[in-house]
Amino acid sequence: MEMINIKINGMPFSVEKNTTILEACKQFGIKIPTLCFLKDINEIGACRMCVCEVKGARSLVAACVYPIDREGTEIFTNTKKVQESRKTTLELILSNHDRKCLSCPRSGSCELQEMCADFGIDNENRFEGARPHYENDESTLYLVRNNNKCVLCRRCVAACKEQFVGVIGANNRGFDTEIGCAFEQKLADVACVSCGQCTAVCPTGALVEKDDTDKVFDAINDPDKIVIVHTAPAIRATLGECFGMPIGSNVKGKMVTALKRLGFDKVFDTDFGADLTIMEEANEFIGRVKNGGVLPMITSCSPGWIKFCEHYYPDLLPNLSSCKSPQQMTGAIIKSYYAEKENIDPDNIVVVSVMPCTAKKFEIKRDDQGRNGLADIDISITTRELAKMIKSAGIQFTELPDSEFDPTLGVTTGAAAIFGATGGVMEAALRTAADTLTGEDLKEIEYPDVRGTKGIKEAEYDVAGLKVKVAVASGLKNAAEILDKVRSGEADYQFIEIMCCPGGCVNGGGQPIQPAQVRNFTDLKALRAKALYDEDKNLPLRKSHESPVVKKLYEEYLGEPGSHKAHELLHTTYVARKKY
Amino acid sequence: MQKKISSIPFNGTAEQEAKLKEIIAKHKDDPGAVMPVLQEAQEVYGYLPIEVQKMIAEGLSVPLEEVYGVSTFYSQFSLTPKGQYNISVCLGTACYVKGAGKIIERISEILGIGAEECTADGRFSLTACRCIGACGLAPVMTVNDDVYGRLEVEDIDGILAKYMA
């Protein structure tokens, strides 16, 4: 590692050669404003907000993509010239922006708004741009595009391309430039996988999840409805961020209290559905291995991944596990077993799920979910929407006491907790499969090879004499790499876990927005995942088949994993979809 | 200017498709293959409808949106077919100040199409082009290879009538 001596604003520093000005400044406590820059995926130096002076350079340079490669480089980040240039750039961006902050869903979490405050913008009308009016694209069930708020940073385009989907891009040029789909198609008509990664990286309100919170409030306020909520494993690891808590805080107890105070009749844990998924999936896997079924078997918890497979790898649909996702399983059991047990007409139950995910909004409306006209889940909201509900109800989240999930479907295991991180489902399945095949209560239950935020992980295990080669991929670019190997026959895995979003659900498209200034310099995925692995470690039960709720469910209702009843309620089918 | 998208049904031939496949194969491993493939594809089809762009996206293994983005960025690419008679009205500086705007307006009125569009029967297309270097004849238009200069709005009906017969 070659170090060089530089000066920033006259102060001497030593940095590794080829560090960018942006990174160097971060190291020394100087914040450089950025709009377009996203580390590794959108390093295009286009927005010009990060410009700095470099002694000897002909013009201002873009700090985000300028590598410091000369000994003695002198950088100035805060001269009058720099300040004026950045402010003018910002005013020019505003000249083509709708500036309707008061009614914007991103008000308060908007990077453009924050920048205006930082720069003391005192006249948002200094330049009058073309400001063409764009109609919102509300064609999908899960997100809304409002190009009147778009600053053309292309972060969404980069995120979509990083997912190997690439259905949005910059079309036309000059003032006509617009982010959209090919041939002016609506998002619902192209092969968008609904992952929502674009909404997580958009600096403004140009791309947001479709807001279903009104539907939830309506249900809660309907005296004839029993409204049951359940929250995905990854929500407890991120919800606190919406209330200023540190990244990686596990707020399970406060979250449950908040949900009860919002007026939900029952608060269950999707972790229950995760434990149930493992029972069915481990059983399905063992069955496929023993009976010569289609291998490798690929997990099916992630609806963005499922839609990706249907659009782009339809030939591999037989490899998908037929298990519904934990969200759907939880809903199906609430409206059957739980309704019967409590003697409630399932028609009067409204099941709300809180998910880290925009794709879940699509999943709940799929034809192959629910049964007899009864949806498994009625409304699915994201972590961000839940935070919004808590705020609008005036609940002071950080001051809440802890409470426990309702025990009927709320006692869960560590295996379920880790579902929210890449590799978690694989580890949970291996814990149960190993016990099932050996018939023992194995003490060695951690599988470190499949942990961590690396995009692709591979391992080989000896499970009761059975050699199992597994792969874990998160992020669809990594998934595609694995799938291509499966297609070509180059890979001989038996079991693959795929999560749509990079890092798994902790980094889902419905998770709290962290601005680029945080994303670029923090390993969000790892910090959030740690909260879940810590939860796993501290739970008394760490294997799905040990869950007393799941055991009772099979004894009283389902029989055994893979039974006829289990298939009716907990399994599903897939459909090939068009790529263009 | 936003690119106009044709609603005229695509009727590419098997020969054209075979040619396009050759073009794609030739450029497949080149970095930045989208540009040259679009250029050559336009030579084959005359324009770049969604059907052609899908073949290019599939052939080069790039997203359709990427192909479309390039095709709408550069003014050389057209998303609408050229008619049997392609009318180009020069909107270069000299022609423009001599009233080319009124000329193109009148043609638009008669044919019922805007610039960069083609009539539903495929007979006429209208192009607003940049300087064709005949400034001495301004304002000037061409119908295929026929050149008409020093135009007055009143001339237009008569000129078009010749091609409508």
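About the cut-offs
Counting of residues starts from 1 at the beginning of each chain's written sequence and follows it residue by residue. Naming scheme: in the order in which they are written, chains are lettered from A and ligands are numbered from 1. Thresholds applied to this predicted model are a pLDDT of at least 70 for local features of residues and 80 or more for the giving and counting of side-chain atom pairs; totals over whole chains, interfaces and linings are not thresholded and use all residues. UniProt positions are given in the numbering used here, feature names are shortened, and annotations may be inferred rather than shown by experiment. Runs of E in the DSSP output that reach at least two residues are strands. Runs of H or I that reach at least four are helices, and both are numbered from the N terminus. Exposed residues have 12 or fewer other C-beta atoms within 10 Å of their own C-beta, buried residues have 20 or more, and residues in between are partly exposed; the C-beta atoms are placed from the backbone. Contact definition: two residues whose C-beta atoms, as placed from backbone geometry, lie within 7 Å. What counts as a domain boundary in this text is fixed by an automatic or database domain assignment. Residues are grouped as follows: Ala, Val, Leu, Ile, Met, Phe, Trp, Tyr, Cys and Pro are nonpolar; Asp, Glu, Lys and Arg are charged; every other residue, Gly included, is polar. Across the chain, each position has a pLDDT score giving the predictor's confidence in that residue, from 0 to 100. Here, strands pair whenever DSSP counts at least two bridges between them. Axis lines are fitted to C-alpha atoms, over the contacting stretch for helices. Their N-to-C directions set the angle, which ranges from 0 to 180 degrees. How far a helix is expected to stretch is found by multiplying one less than its residue total by 1.5 Å. Each C-beta atom gives one direction from the helix axis, and the arc is the one those directions make. The cut-offs work like this: below 35 degrees is roughly parallel, past 145 is roughly antiparallel, 65 to 115 is roughly perpendicular, and the gaps in between are oblique. With the far helix as reference, a near helix turned anticlockwise by less than a right angle produces a left-handed crossing, and one turned clockwise produces a right-handed crossing. The term nonpolar core refers to a group of buried residues, namely Ala, Val, Leu, Ile, Met, Phe, Trp, Tyr and Cys, whose C-beta atoms join them within 7 Å.

- The name that an unreviewed UniProt entry assigns to chain B is NAD(P)H-dependent oxidoreductase subunit E, with the source organism given as Candidatus Limousia pullorum.
- Per its UniProt entry, chain B bears the Sequence similarities (unreviewed entry) comment "Belongs to the complex I 24 kDa subunit family."

A short note on the overall build of chain B
Right, so step 1: If you tally the helices and strands in chain B, you get seven helices and five strands.
Right, so step 2: The order of helices and strands in chain B, counted from the N terminus, is α-α-α-α-β-α-α-β-β-β-β-α.
Right, so step 3: With respect to the principal axes defined by its C-alpha atoms, chain B has extents near 50 × 30 × 25 Å.
Right, so step 4: For chain B, the residues scored as buried account for 32% of the 165 residues in total.
Right, so step 5: In chain B, 65% of the contacts between residues at least 6 apart in sequence involve partners at least 24 apart.

Quick word on the domain arrangement of chain A
Residues and elements named next belong to chain A.
Right, so step 1: What the domain assignment reports for chain A is domain 1 (3-92), domain 2 (103-209) and domain 3 (214-570).
Right, so step 2: Summarising the inter-unit geometry, the C-alpha centres of domain 1 and domain 3 are found 42 Å apart.
Right, so step 3: Contact with domain 1, which involves six residues of that partner, is made by five residues of domain 3.
Right, so step 4: By residue class, the composition of the side of domain 1 that touches domain 3 is two nonpolar, one polar and three charged.

What about the confidence of the model for chain B?
Right, so step 1: Here chain B averages 94 in pLDDT, and 99% of its residues register 70 or above.
Right, so step 2: Prediction confidence for the complex, expressed as pTM and ipTM, is 0.94 and 0.92 respectively.

A few points about the domain arrangement of chain B
Right, so step 1: According to the domain assignment, chain B consists of domain 1 (14-73) and domain 2 (85-164).
Right, so step 2: With centres defined by C-alpha atoms, the gap from domain 1 of chain B to domain 2 of chain B works out at 30 Å.

Focus on the sheet that holds strand β4 (residues 61-62) of chain A
All names here are of chain A.
Right, so step 1: Spatially, five strands are ordered β2-β1-β5-β3-β4 in an open sheet, and the strand pairing comes out mixed. The open sheet has two edge strands with one neighbour each: β2 (11-16) and β4.
Right, so step 2: Strand direction decides the pairing type here: strand β1 (residues 3-8) and β2, joined by six bridges, are antiparallel. Note on β2: the bridge partner recorded for M3 is E16.
Right, so step 3: Relative to the sheet, helix α2 (residues 80-95) contacts β3 (51-54) and β5 (74-76), its axis offset from that of β3 by approximately 155 degrees.

Examining helix α2 (residues 34-45) of chain B
Residues and elements named next belong to chain B.
Right, so step 1: Taking 1.5 Å per residue, 12 residues should reach 16 Å; α2 reaches 16 Å between its end C-alpha atoms and fits that length.
Right, so step 2: Of all the residues in α2, the buried ones are V34, V37, L38, A41 and Y45. End-on view of α2: buried residues confined to an arc of 100 degrees, all on one side of the axis.
Right, so step 3: Check the buried side of α2 and you find it contacts α1 (14-27), α3 (50-60) and α4 (64-73).
Right, so step 4: Downstream of α2 by one or two residues, G46 has phi in the positive range, about 85 degrees.

Thoughts on the interface of chain A and chain B
Right, so step 1: On the chain B side, the residues contacting the 14 residues of chain A number 14 residues.
Right, so step 2: Looking at the side of chain A that touches chain B residue by residue, the class counts come to seven nonpolar, four polar and three charged.

Concerning the packing of α2(A) against helix α3 (residues 111-119) of chain A
All names here are of chain A.
Right, so step 1: Close contact between α2 and α3 brings their axes to 11 Å; oriented N to C, the two are set at 140 degrees. Classified by the angle their axes make, α2 and α3 are oblique. Crossing of α2 against α3: the hand is left-handed. Along its contact with α2, which presents R86, K87 and L90, the element α3 presents M115, C116 and F119.
Right, so step 2: For the contact of α2 with α3, the residue count by class is four nonpolar, no polar and two charged.

Observations concerning the nonpolar core
Where a protein is soluble and globular, its nonpolar side chains tend to be buried together.
Right, so step 1: Among the nonpolar cores identified, the biggest contains 188 residues, and A:A63 and A:C156 are the most heavily contacted of them.
Right, so step 2: The residues contacting A:A63, other than those within four sequence positions of it, are A:T20, A:I21, A:L22, A:C25, A:I32, A:C50, A:V51 and A:C52.

Details of the UniProt feature "binding site: [2Fe-2S] cluster" (unreviewed entry) in chain B
All names here are of chain B.
Right, so step 1: Summarizing the sequence annotation, UniProt attributes the feature "binding site: [2Fe-2S] cluster" (unreviewed entry) to C90, C95, C131 and C135 in the numbering used throughout. The named residues occupy 46 residues along the chain; their greatest pairwise C-alpha distance, 9.3 Å, places them in one compact cluster.
Right, so step 2: Its location among the elements puts C90 in strand β1 (residues 85-90).
Right, so step 3: Residue classification places C90 among the buried positions, given that 30 C-beta atoms sit within 10 Å.
Right, so step 4: For C90, the residues in contact, after removing those within four places along its chain, are C95, A100, C129, C131, I132, P139, V140 and M141.

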